[in-house]
Amino acid sequence: MADTKYPTLIPRFLRYVKINTRSDEKSTTIPSAEREVKFLHQLVDELKEIGLSDARYNDANGYVTATIPGNTDHQVPTIGFLAHVDTADFNAEGVKPQIVENYDGHSVIKLDPAGEYTLDPKDFPALKNYAGHTLITTDGTTLLGSDDKSGVAEIFSLAEYLLAHPEIKHGDIRIGFGPDEEIGTGADHFDVKDFAADFAYTVDGGPLGELEYETFSAASLHVAIKGKNVHPSTAYHTMINAIQLGIDFQNNLPQDEVPEETRARAGFFHLLSFEGTPDHAELDYIIRDFERAGLEERKQKAQAIADKLNARLDEPRVTVTMHDQYYNMIDVMKDHMDVVRLAEQAMHNLDITPDETPVRGGTDGSKLSFMGLPTPNLFAGGENMHGRFEFVSEQTMAKAVDVLLEIVQLNAAK
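Since the structure is predicted, the reported quantities are computational estimates derived from the model, not experimental observations.

What counts and how
- Here the residue numbers are simple positions, counted from 1 along each chain's written sequence.
- With pLDDT at 70 or above as the cut-off, local features in this predicted model cover only qualifying residues; side-chain atom pairs require 80 or more to be listed or tallied, and sums for whole chains, interfaces and linings still use all residues.
- Heavy atoms from the whole structure form the basis of all side-chain values; hydrogens and water molecules are not counted.
- Fitting a line to C-alpha atoms yields each axis, with helices limited to the stretch in contact; the angle taken between N-to-C directions then spans 0 to 180 degrees.
- Under the scheme used here, helices are H or I runs from DSSP no shorter than 4 residues and strands are E runs no shorter than 2 residues, and both carry numbers assigned from the N terminus.
- Roughly parallel covers angles under 35 degrees, roughly antiparallel covers those over 145, roughly perpendicular covers 65 to 115, and oblique covers all other angles.
- For a crossing to be left-handed, the near helix must be turned anticlockwise from the far one by less than a right angle; the clockwise case is right-handed.
- Every residue pair with non-hydrogen atoms within 4.5 Å of one another is taken to be in contact.
- Each residue gets one label: Ala, Val, Leu, Ile, Met, Phe, Trp, Tyr, Cys and Pro are nonpolar, Asp, Glu, Lys and Arg are charged, and the others, such as Gly, are polar.
- In protein, a polar contact means a hydrogen-donor-capable atom and an acceptor-capable atom, both N or O and within 3.5 Å, with residues adjacent in sequence counting only if both atoms are side-chain atoms; elsewhere, any N or O pair within 3.5 Å suffices.
- Here, the term nonpolar core denotes a set of buried Ala, Val, Leu, Ile, Met, Phe, Trp, Tyr and Cys residues that are joined through side-chain atoms within 4.5 Å.
- Working definition: with a 1.4 Å probe on protein chains only, accessible area under 20% of the residue-type maximum means buried, over 50% means exposed, and in between means partly exposed.
- In short, DSSP must find at least two bridges between two strands for them to pair.

A.B. asks: Please clarify how the packing of helix H8 (residues 337-349) against helix H10 (residues 394-413) should be interpreted in this entry.
C.D. replies: Following both chains from N to C, one finds H8 and H10 inclined at 120°, their axes separated by 9 Å at the closest point. Here H8 is positioned oblique relative to H10, judged by the angle of their axes. Where H8 crosses over H10, the two elements pack in a sense that is right-handed. Facing Leu342, Ala343, Gln345, Ala346, Met347 and Asn349 of H8, the residues of H10 in contact are Val403, Glu406, Ile407, Leu410 and Asn411. In the contact of H8 with H10, the residues fall into seven nonpolar, three polar and one charged.

Have a look at this one:
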């Protein structure tokens, strides 16, 4: 699809997704991976090339910021638009985006030449929404990176369009591109005061119309287990197998409170990794609940299981470490619903029906809202994020830019 209104949108997106910017959860640096830093510096150069002279990289937090200067003759609130550059914990090296022109809404899309991986409407019924669209998919070996390079490209297109059309009146618009959203640490060091926006939107959502201002509350759970390994021939009443203790810990959790068995407002425990030997084992989980009290109850349950296991052992061998990651942004957004109403009106003006279903996840806006910057989340277009079945519609990406453009015009007209 050649979008004449935003001609660089899709070429920019295709160029960006080919660059590996996967974040690294085990890193202690900010950002977590040097490949993110390199890409962020590239964005600074490109922002300056399109005319945003104040574009800069902040060494303290890894954010790139820039300003589209306002051109109104009256004061209007400053809006921020944010996107993250890192991709999720899945192969991101050698991304080869595939273009499917004029998709018919019912055919199976073969991702790899052998057809081992496909986008089949039987498995992914949302495909029926894309009849007539041009889709961008993976080749089956990597993720795509629409989460969130769609948002990055869309914000760039907004900036280019406004700079090319000074007749469109708007206030100051702040742009931010940040790292490490996928590992939950990107917004931790964000400088709200320096960003100097009155409110903001992350452009990091999924399909057309998503407008999210209620998220999970979240915590991480790490379980470290110290075993006692001896030769199996003399193990009777002596060996303490750390792997078995890890299995016992997992089996004591509610078996139906997992992502694959929950939906709507039901929370869960999600086992991300389990590694070990009889001598030592480690398990990593994420804990999610829409209610803060529910999150606390789940954390208490995890601790109680560890205490129960330790009580039967010769010494405490099961250690749990938990950290809160973010909280449900509705606790803040309920006092800033004018920000939501602005986005709703923009979508309605463009004949887009807002989908305000609470998101079973989180965004950087979850943290930023609690840091004093009300930040709901807008759709960027991606589907099936975080894996080889990810895809995005070129038409939906263009509509995302339309929504950003409408928001800034409505804000200026208030």
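A.B. asks: Quick question: what am I supposed to make of the environment of histidine 74 here?
C.D. replies: Structurally, histidine 74 can be placed in the loop between strand S2 (64-68) and strand S3 (79-84). Taking C-alpha positions, histidine 74 is 8.5 Å from alanine 412, a pair spaced 338 residues apart along the chain. A distance of 2.9 Å separates a polar side-chain atom of histidine 74 from the backbone oxygen of alanine 412.

A.B. asks: Which parts of the structure should I look at to understand the nonpolar core?
C.D. replies: For soluble globular proteins, nonpolar side chains are generally found buried alongside one another. Grouped together as the largest cluster of nonpolar side chains are 67 residues, with contacts concentrated most on Phe13, Leu43, Phe81, Phe177, Tyr201 and Ile407. It is H10 that provides the largest number of residues to this core, a total of nine residues. In this structure, phenylalanine 13 is in contact with Ile136, Leu144, Gly145, Ser146, Lys149, Ser150, Ala153, Val392 and Met397, ignoring residues within four places of it in sequence.

A.B. asks: What is the right way to look at the sheet that holds strand S7 (residues 135-137) in this model?
C.D. replies: Neighbouring strands of a sheet are bound in pairs by backbone hydrogen bonds; such pairs are parallel or else antiparallel. Taken in spatial order, the four strands line up as S4-S7-S17-S16 in an open sheet, and their pairing is antiparallel. Every interior strand has two partners, whereas the edge strands, strand S4 (98-100) and strand S16 (382-383), have only one. Two elements, S7 and strand S17 (residues 391-393), share three bridges in a ladder whose sense is antiparallel. Pairing of isoleucine 136 across the sheet is with valine 392, part of S17.

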